[in-house]
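# Structural characterization, general
Letter by letter, the chains look like this.
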Amino acid sequence: MKDLSKLLLPLLAIVVAFSSCKNGRSWFGGSSADTLCTDTYKFDKVDSTAERVVEVKIEADYPAAITGPLSANVASWIRSNIGKDNTTLAPDTMNGQKVVDFFGKQIFDSYAGEEVYPSSMSYIASAKLVCKRRNYVSYVLNVYEYTGGAHGMTAVSGATFSQIDGRQYGWELLKDTAKTGFHKLMKKGVRKYFSSNVAKGEITDEELCGMLLLNIDGAPVTAQQLDRFPLPSNPPYFTRKGVNFVYSSYEIAPYAAGIPAFVIDFEDIKDYLSKEGKALIKKKDK
């Protein structure tokens, strides 16, 4: 009996660890050998000496353990994007706190060491787990930086990862994005964003044209051009209900328009989902 208890106790500890981790996926019935289990790690430092304010805040839902391709790819994506210099990787991939501390200290020291500087400098970044489904998880990176001038700059991007094999997806989730039907979906989404967030009421295609940036030659955007609406430079990512698209500041509209973003429901965009995209949503959550 004592021998049996010695065998069961380590197994019980493993089960508890996997089933109770923050933001973790249940170990039971999982379709992958890897389990994404995350904790939130933060770096927060503000200094108001030398007649200026230097502020650096970084927050990441980082894998609490690297147990396979899913957690490894998520960790790599965070390390590759959350810092100011995206070519520099944090040295310790297993420890989320060391990762945010590495980038936070690096950015803070670079700001504090500036010989010519504005009265305020800020870098605020977060990498958040925003969606967790049976076959995929999605992250969103939000970065705001102010180093002088009229305003700071905000960048938002996302990524979707397969819970089955850990693969990262972006534009691979979609197909036939050059077709007119797809561009009309984009136009509809952009118009919905401007109706809700800028005009505070329904707008027409003609009214939307007046809210967009001019063409390169300085000519206004026409209603005919809207049917060939440009795709964002940022790759899309899956939410719980559809595909999220995000445009960068100044990509299609003035800074005052914010960050144009919208979700197209899976049902509405189903004809443009790739084989891989359909595979990620074909099984319902339990």
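The present account deals with the structure reproduced in this document. (Residues numbered from 1 in each chain as written. Predicted model: local features only at pLDDT ≥ 70, side-chain atom pairs only at ≥ 80, totals over all residues. Heavy atoms only, no water.)

### Quick word on the side chain of Asn 244
For the record, the criterion: Starting at the N terminus, helices and strands are each numbered in turn, a helix being any DSSP run of H or I of at least four residues and a strand any DSSP run of E of at least two. For this analysis, residues touch if any pair of their heavy atoms sits within 4.5 Å.
Within the secondary structure layout, Asn 244 lies in strand 8 (residues 242–246). When sequence neighbours within four positions are dropped, the list of residues in contact with Asn 244 reads Pro 236, Tyr 237, Thr 239, Ala 261, Phe 262 and Val 263.

### Looking at the packing of aromatic side chains
Rule in force here: The pairing test for Phe, Tyr and Trp rings, Trp by its six-membered ring, is centres within 6.5 Å, and the orientation test on the planes gives stacked under 30 degrees, edge-to-face over 60, and tilted for anything in between. Whether a residue is buried, partly exposed or exposed follows from its accessible area with a 1.4 Å probe, protein chains only, as a fraction of its type maximum: under 20%, in between, or over 50%, in that order.
Under the criterion given, the structure shown has 14 aromatic pairs. Aromatic pair Tyr 247 and Phe 262: ring centres 6.5 Å apart, planes at 35°, arrangement tilted. Of this pair, Tyr 247 sits in the loop between strand 8 and strand 9 (261–265) while Phe 262 is found in strand 9, placing the two residues 15 residues apart along the sequence. The same class applies to Tyr 247 and to Phe 262, which are both buried. Through a chain of ring-to-ring contacts, the aromatic side chains of Trp 171, Phe 182, Phe 229, Phe 245, Tyr 247, Phe 262 and Tyr 272 assemble into a single cluster.

### A closer look at the pairing of strand 5 (residues 153–162)
Note the threshold: Two strands qualify as a pair provided that DSSP identifies no fewer than 2 bridges between them.
A large share of strand 5 lies buried, amounting to seven of its 10 residues. Strand direction decides the pairing type here: strand 4 (residues 136–146) and strand 5, joined by 10 bridges, are antiparallel. Paired with Val 140 across the two strands is Gly 158, which belongs to strand 5. Between strand 4 and strand 5, which pair antiparallel in sequence order, lie six residues; one of them, Gly 148, sits at a positive phi of approximately 120°.

### Quick word on the sheet that holds strand 1 (residues 38–47)
As a reminder of what qualifies: The axes are straight lines fitted to the C-alpha atoms, using for helices just the contacting stretch, and the angles between their N-to-C directions are given from 0 to 180°.
If you walk across this open sheet you meet the six strands as 1-2-3-4-5-6, and the pairing is mixed. The outermost strands of the open sheet, each flanked by one partner alone, are strand 1 and strand 6 (168–169). Examined bridge by bridge, strand 3 (residues 120–132) and strand 4 share 10 bridges and lie antiparallel to one another. Directly across from Tyr 123, in strand 4, lies its bridge partner Glu 145. Relative to strand 2 (residues 53–63), helix 3 (residues 96–112) is tilted by about 160°, and along the sheet it contacts strand 1, strand 2, strand 3 and strand 4.

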